[in-house]
Amino acid sequence: MSHLAEITWLHLSYDTTSALHIHDVHSVATLITNSCSDGVSENQKQNMEEQTAKPTVTETWLRKHRLQYNGATRHPFILSIRDGSVNFSSFKRWLGQDYIFVRSFVPFAASILMKSCKESSEESDMEVILGGMASLNDEINWFKNEASKFHVSLTSVVPQNANVKYCK
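Residues numbered from 1 in each chain as written. Predicted model: local features only at pLDDT ≥ 70, side-chain atom pairs only at ≥ 80, totals over all residues. Heavy atoms only, no water.

Re the packing of helix H8 (residues 88–119) against helix H9 (residues 123–149)
Contact geometry for H8 and H9: axes closest at 9 Å, N-to-C directions at 160 degrees. On the basis of the axis angle, H8 is roughly antiparallel to H9. When the axes of H8 and H9 are compared, the crossing they make is left-handed. Among the residues making up the contact of H8 with H9, the classes are represented as 21 nonpolar, one polar and six charged. (Axes fitted to C-alpha atoms, helices over the stretch in contact; angles between N-to-C directions. Helix = DSSP H or I, 4+ residues; strand = E, 2+ residues; numbered from the N terminus. Parallel < 35°, antiparallel > 145°, perpendicular 65-115°, else oblique. Left-handed = near helix turned anticlockwise from the far one by under 90°. Nonpolar A, V, L, I, M, F, W, Y, C, P; charged D, E, K, R; others polar.)

Right, dumping it as C-alpha cells:
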C-alpha cells in the first residue's frame, strides 16, 4: 500500500482496535538481527533489518500522536456509548454534528480519490479509497436511520462552532 492510501486509510478506517496493537518495529528488527546465526551474512542481516525497521506512515503517526489518538478513542462520550450510559440528548446532538462532519468529509475523500487516479502508480490506492468512500456512504445511511428512530431532523441541525472550524 502506498503512503497516499495509507494516509487516507488513517482517516477512513473504522477499525481502531488494530491500531492499538502496533508493536515497536525497530525492536523486532533488532531482535531478529541479533538472533541471526553466524551462517547469515552481514548483508543479509542488514537487509532483514531494513525491511522490518521501516515503520509505516500509520505507525509513525500513531507514535507521534498517541495522546491525541487515545483521547479521541477513549473519550468519556465514546465510553458511555460502549457501556450504554450515554445521555440521550448528548447522543442526539452528536448524531447531528457527526452527520454534518461526515458529509463535509466526502468532498475531501473524493479529492484524494482523484489524486490517487492521477498520481499514484499503486493500483490498490484507488481500491482502498473507494472502500473508504463506500464506508462513508454506509455511515451516512446509518445516521439517517438513527435520526429517524430518535426524531432528529438532520436538515435542521445547526453546526456547532467546533464543527464549523473543523469542516473548513
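Observations regarding the environment of His151
Its place among the elements puts His151 in the loop between H9 and helix H10 (161–166). A relative accessible area of 71% places His151 in the exposed class. For the pair His151 and Lys92, spaced 59 residues apart in the sequence, the C-alpha separation amounts to 8.8 Å. (Buried < 20%, exposed > 50% of the residue type's maximum accessible area, 1.4 Å probe, protein only.)

Overview of the packing of aromatic side chains
Within the structure shown, the criterion is met by eleven aromatic pairs. Ring geometry for Phe88 versus Phe150: centroids 5.4 Å apart, planes at 65 degrees, classification edge-to-face. Of this pair, Phe88 sits in helix H8 while Phe150 sits in the loop between H9 and H10, and the two are 62 residues apart along the sequence. Assessed through its relative accessible area of 44%, Phe88 is described here as partly exposed. Assessed through its relative accessible area of 24%, Phe150 is described here as partly exposed. The interplanar angle of 20 degrees and the centroid separation of 6.1 Å between the aromatic rings of Phe101 and Phe105 together place this pair among those described as stacked. Remark: Phe105 and Phe101 occur in helix H8; sequence separation between them is four residues, near one turn of the helix. (Phe/Tyr/Trp six-rings, centres within 6.5 Å; stacked < 30°, edge-to-face > 60°.)

Details of the pattern of salt bridges
Counting across every chain of the model gives two salt bridges. Of the charged contacts, one joins Glu119 and Lys115 as a salt bridge, the two residues approaching to 3.7 Å between their closest N and O atoms. Within this pair, Glu119 and its partner Lys115 are both found in helix H8, separated by four residues, close to a single helical turn. Given the relative accessible area of 38%, Lys115 is considered partly exposed. We note a salt bridge from Glu146 to Lys149, for which the minimum N-O separation is 2.8 Å. In this pair, Glu146 and Lys149 are both assigned in helix H9, three residues apart and thus about one turn of the helix distant. You can call Lys149 exposed: its relative accessible area is 54%. (Salt bridge = Lys/Arg side-chain N within 4 Å of Asp/Glu carboxyl O.)

Things to note about the side chain of Asn163
You can see Asn163 is positioned in helix H10. Owing to a relative accessible area of 10%, Asn163 belongs among the buried residues under this scheme. With sequence-adjacent residues up to four places away left out, Asn163 is seen in contact with Gln97, Ile100 and Phe101. (Contact = heavy atoms within 4.5 Å.)

Some remarks on H9
Between its terminal C-alpha atoms H9 stretches 40 Å, which fits the 39 Å expected from 27 residues at 1.5 Å a residue. Listed as buried for H9 are Asp125, Ile129, Gly132, Met133, Leu136, Glu139, Ile140, Phe143, Glu146 and Ala147. Phi for His151, located one or two positions after H9, is positive at around 55 degrees. (Expected span 1.5 Å × (residues − 1).)

Some details on the confidence of the model for the protein chain
The pLDDT averaged across the protein chain works out to 78; a share of 70% of its residues lies at or above 70. The model gives residues 1–37 a pLDDT under 50, and that stretch makes 63 contacts with residues more than four places away or in other chains. (pLDDT = per-residue confidence, 0-100.)

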